[in-house]
Amino acid sequence: MIETVRFEWFVIPFLFGMAFVLGYCLIGMIRVIHELPQCDRKRFYLSLINPKIIWKNLRDIFCNCLLHIPLWRRNRLLGYMHMSIAFGWFLLIVIGHIQVLCFIPGRIHTFYHAIFFNYFVEETAPSTLGAVLAFGMDFSLLLILSGIGLAMFKRVASLLFGMRRTTRPSLLDRVGLYSLWAIFPLRLLSEGFVAHVSGGSFLTLPLNWVFRQFLSNPEHMVPTWWAYSIALCIFMCVLPFTRYMHIPAEMLLIPVRNAGIKIRHPRKGFARLEIYSCPGCGVCIDACPMSVKKANIKDTTVYLNRQLRRGNEKRIAEISDKCLLCGKCTALCQVGCQGPELRVAQRSLRRYGINQSYAGFSVEPFKEAVRGGRKVLYFAGCMTQLTPSIRRATESVLRKAGVPYTVMDPDGRLCCGRPMMMAGRLDQARALMEKNREIILASGCDTLLLSCPICYRVFAQEYDLPGIRVVHHSVFFEEMAASGALAHLESSQRPLVYHDPCELGRGCGIYDEPRALLGRLGRVVEAEKHHAESICCGGSLGSLSLGFDKRKDMTLNALRNLTVEDPETIVTACPLCLSTFDRYADRPVKDIAEVIDEAV
Amino acid sequence: MDFGFKLSPSSAVNLDRVDLTLYRKVEAKAPDIRTCIGCGSCTATCTAGPFSGMSVRQVILDIQRGRLALAAKKLDACMLCGKCTMVCPRGINTRALILAVCENYRKEDAK
């Protein structure tokens, strides 16, 4: 192949767009890294020289950003659509550069030769390498075009792609979307016009033959190359202000997350990175338990991210307060955007006129009450006080199994601090946690047993309790059953469905132990959505603004999901889920402790 | 009857002169405050009650009567555990109400 032209004016729009987007992303990257707290920044830099993390970063970027593996798992059509565009485009760029390297190596330093290669070269003698590369280019283009065809189809039939609802694109999102759709058909046209000179493959050569039947003047091709370049320019210029910003942002998000960095500031650093990494796909809309009501759709994580980008404080506060913090959006999110954590961080920005200090609370009597107690300390928690059957059942099982225990809150004591934490009032939560910690340490116990997943999560993840094992009663009882401490469990074939409480399942990753325990008593059937996709009961303390009257539809939806297999009893492991379901359920709802107590 | 002097300070509340600014602000954010029937279920279940006399029912009464300092003193013990919300027969979102009071309360307005 030989070079025919060195420069043409139509490359200018492309170069401008490229310079703009690269400059913007570079400044953005420096800004985000600079915003990280010093210790996090150091951690990030150190992770970049750790071979294990480097490998993980590369694998994650390849699998998530290019192949979209998580989306394939959701829905094949959706996965193929995203993979074809992302991976196809990647291939086009890579093969384009290989072509330049092989045939005009002197031009590798110019950005535009790899993109507009076919315009600048003439095929003098066909070669195998040239044919293979041209085939690769046409194949990649076909891959992308099929993806774009699917993307157009998805706008009218999203249900086929496993999405009941999709995000409503903003104006700039639409500009980005249509320019993206335009880029590749224009490329096909442009390359089709010149294929008889530059050479081509199965896609461009036949197209060229068709064109030459009625277009004789080669000058006709120049406008399509201009259009192709301008489409690229528009896409790259609007990219930073649209959801397509997730393309560069996610490539930084993955290494930063793999370095183990968490959200520390509501808007800066890692939070900013997550906000810009949101692809606006709308998977979280269907995931959100609130979206059973149409009015709540705009309060899902994808819209929170959009409002955070815009800095619309009023809407940010509304969306942040409304969320139940069930965490399902994070479980399903393709980029791992942490909806609940982002919201709690926004809540923590609010300033209050009354700041509880709990200075007047004396914990000395409580410490005395548990001092020198038994090895197992049982903390029922506030919610269990409202569902005394759970507490009764738990204590009964412990007695029957002969496990000596001390009750930490016989008549209701301090709150664990999780509700305060969910409200974003971290100082207040810490004050409560410190008081509880004193009581627990004074007891001299080695196991802290909890009935409430809300308490369990905060005790397990936030408290500093050296030498003390924090355990939820479902796990504790399963261990007792496995070791034979719970003898004579009555087993039957009655179908039981287990509801994964948000805080225990998604929050702490406990899914299998409760099921194993129930499996000893009856036949465990699964709900339609279970494990990490379990639907919140609607009773969550996470929401600050949603009244119980507005949650009925969510509870009914969660119950419908649980009863698809027509179980005899709904079993859960959370006092809040129990009391919420009990309001509307058409069959018995029980805590796992109650079911065990009946069977022992 | 006004003798021009008092043996002890009066605890009478003149409802015509009460400063309802805080109540109005809370009402705007948590309109269900109007539906409280003062049944005291929230007080009965309150986790903080035994420590401090915290009572959502009384907090509502206090801010309706302009006794803001008293309301603040009670709220100072609230742990936001949410039991009051769960038991309210009127379905009042008491946590939202408590947070609205905490947010809009200004020490300098309290008498």
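As the structure is a prediction and not an experimental result, all values here were calculated from the model.

Visitor: So what exactly am I meant to see when it comes to the overall build of chain A here?
Guide: Looking only at helices and strands, one finds 29 helices and ten strands in chain A. Its C-alpha atoms put chain A at 95 × 55 × 45 Å along the principal axes. Relative to its 600 residues, chain A shows a buried fraction of 49%. Restricting to contacts in chain A with at least 6 residues of sequence separation, those with at least 24 account for 75%.

Visitor: How should helix α21 (residues 388-401) of chain A be read in this particular structure?
Guide: Think of an α-helix as turning once every 3.6 residues; residues three or four places apart then point the same way. Taking 1.5 Å as the rise per residue, α21 of chain A with 14 residues should run 20 Å; its terminal C-alpha atoms sit 20 Å apart, in good agreement. One or two steps after α21 of chain A, the chain reaches Gly402 of chain A, where phi turns positive at roughly 75 degrees.

Visitor: Help me understand the nonpolar core in this model?
Guide: Considering soluble globular proteins, one finds that nonpolar side chains tend to be buried as a cluster. Counting 201 residues, the largest nonpolar core has Leu377 of chain A together with Val101 of chain B as its most contacted members. Once you skip the residues sitting within four places of it in the chain, Val101 of chain B turns out to touch Val26, Val59, Ile63, Ala71 and Leu75 of chain B.

Visitor: I tried to follow the packing of helix α3 (residues 51-66) of chain A against helix α12 (residues 246-258) of chain A on my own but got confused; where do I start?
Guide: Residue and element names in this part refer to chain A. Relative orientation of the contacting elements α3 and α12 amounts to 140 degrees, with a least axis distance of 9 Å. Our pair here, α3 against α12, has a crossing hand that is right-handed. Contacts from Ile53, Lys56, Asn57, Asp60, Ile61, Asn64 and Cys65 in α3 reach Glu250, Met251, Ile254, Pro255 and Asn258 in α12. Split into classes, the residues belonging to the contact of α3 with α12 amount to six nonpolar, three polar and three charged.

Visitor: When you look at the interface of chain B and chain A in this model, what are you seeing that I'm missing?
Guide: Reports often express the size of an interface as the amount of accessible area lost when the parts come together. Listed by partner, the interface residues are 30 residues for chain B and 23 residues for chain A. Of all the secondary structure elements, the ones that give two or more residues to the side of chain B that touches chain A are α3 (49-52), α5 (68-75), α6 (83-87) and α7 (94-104) of chain B. A breakdown of the residues in the side of chain B that touches chain A according to their chemical character gives 15 nonpolar, eight polar and seven charged.

Visitor: Just to check I follow, could you spell out the pairing of strand β6 (residues 469-472) of chain A for this structure?
Guide: On a regular strand, one side chain projects to one face of the sheet and the next to the other, so that they alternate. Residues and elements named next belong to chain A. Relative to β6, strand β5 (residues 447-450) runs parallel, the two sharing four bridges. The residue bridging Leu449 from the neighbouring strand is Val471, located in β6. In the classification by handedness, the crossover that spans β5, the intervening helix α24 (residues 453-461) and the parallel β6 is right-handed.

Visitor: Would you explain the environment of Cys63 of chain A in this entry?
Guide: Residue and element names in this part refer to chain A. By the secondary structure assignment, Cys63 is in helix α3. Residue Cys63 is classed as partly exposed on the basis of its 14 C-beta neighbours within 10 Å. Sequence separation of Cys63 and Met83 is 20 residues, and the distance between their C-alpha atoms is 9.6 Å.

Visitor: Looking at this structure, how should I read the sheet that holds strand β3 (residues 376-379) of chain A?
Guide: The strands making up a sheet associate through hydrogen bonds between their backbones, and the pairing can be parallel or antiparallel. Residue and element names in this part refer to chain A. With parallel pairing, the four strands of this open sheet are ordered in space as β4-β3-β5-β6. Each edge of the sheet is formed by a strand with only one pairing partner; in this case those strands are β4 (405-407) and β6. Each strand axis lies, on average, 25 degrees off the axis of its neighbour in the sheet, ignoring direction. Here α24 sits on the sheet and contacts β3, β5 and β6; the angle it forms with β6, its principal contact strand, is near 160 degrees.

Visitor: Before we go on, may I ask you to explain unusual backbone geometry in this structure?
Guide: Glycine aside, residues mostly have negative phi angles, and peptide bonds mostly take the trans form. Residue and element names in this part refer to chain A. We note that Tyr358 has phi near 60 degrees; this positive angle belongs to a residue other than glycine. Secondary-structure assignment places Tyr358 in the loop between α18 (339-347) and α19 (364-370). On the neighbour-count criterion, Tyr358 (20 C-beta atoms within 10 Å) is buried. The backbone of Asp566 sits at a positive phi, close to 50 degrees, despite the residue not being glycine. Structurally, the position occupied by Asp566 is in the loop between α27 (552-562) and β9 (569-572).

Visitor: Hey, could you run me through the domain arrangement of chain A in this one?
Guide: According to the domain assignment, chain A consists of domain 1 (2-247), domain 2 (271-347), domain 3 (364-479) and domain 4 (486-599). Computed over C-alpha atoms only, the centres of domain 1 of chain A and domain 4 of chain A are separated by 47 Å.

Visitor: What should I look at first to understand the packing of helix α1 (residues 11-35) of chain A against helix α11 (residues 221-238) of chain A in this one?
Guide: How two helices pack is summed up by the angle between their axes together with the distance between the axes. Residues and elements named next belong to chain A. Where α1 meets α11, the axes come as close as 7 Å, and the angle between the chain directions of the two elements is 15 degrees. Judged on the interaxial angle alone, α11 and α1 are roughly parallel. Along this stretch, α1 crosses α11, giving a crossing that reads as left-handed. On α11, the residues that touch Val11, Pro13, Phe14, Phe16, Gly17, Met18, Phe20 and Val21 of α1 are Ser229, Ile230, Leu232, Cys233, Met236 and Cys237.

Visitor: What should I look at first to understand the environment of Lys268 of chain A in this one?
Guide: All names here are of chain A. Take Lys268: it is sitting in the loop between α12 and α13 (270-277). The partly exposed category is assigned to Lys268, around which 16 C-beta atoms lie within 10 Å. Between the C-alpha atoms of Lys268 and Cys281, which are 13 residues apart in sequence, the distance is 23 Å.

About the criteria used
Residues numbered from 1 in each chain as written. Chains lettered and ligands numbered in written order. Predicted model: local features only at pLDDT ≥ 70, side-chain atom pairs only at ≥ 80, totals over all residues. Helix = DSSP H or I, 4+ residues; strand = E, 2+ residues; numbered from the N terminus. Buried ≥ 20, exposed ≤ 12 C-beta atoms within 10 Å, placed from the backbone. Contact = placed C-beta atoms within 7 Å. Expected span 1.5 Å × (residues − 1). Core = buried A, V, L, I, M, F, W, Y, C linked by C-beta atoms within 7 Å. Axes fitted to C-alpha atoms, helices over the stretch in contact; angles between N-to-C directions. Left-handed = near helix turned anticlockwise from the far one by under 90°. Nonpolar A, V, L, I, M, F, W, Y, C, P; charged D, E, K, R; others polar. Pairing = 2+ DSSP bridges. Right-handed = clockwise from strand over helix to strand, strands pointing away. Domains from an automatic or database assignment. Parallel < 35°, antiparallel > 145°, perpendicular 65-115°, else oblique.

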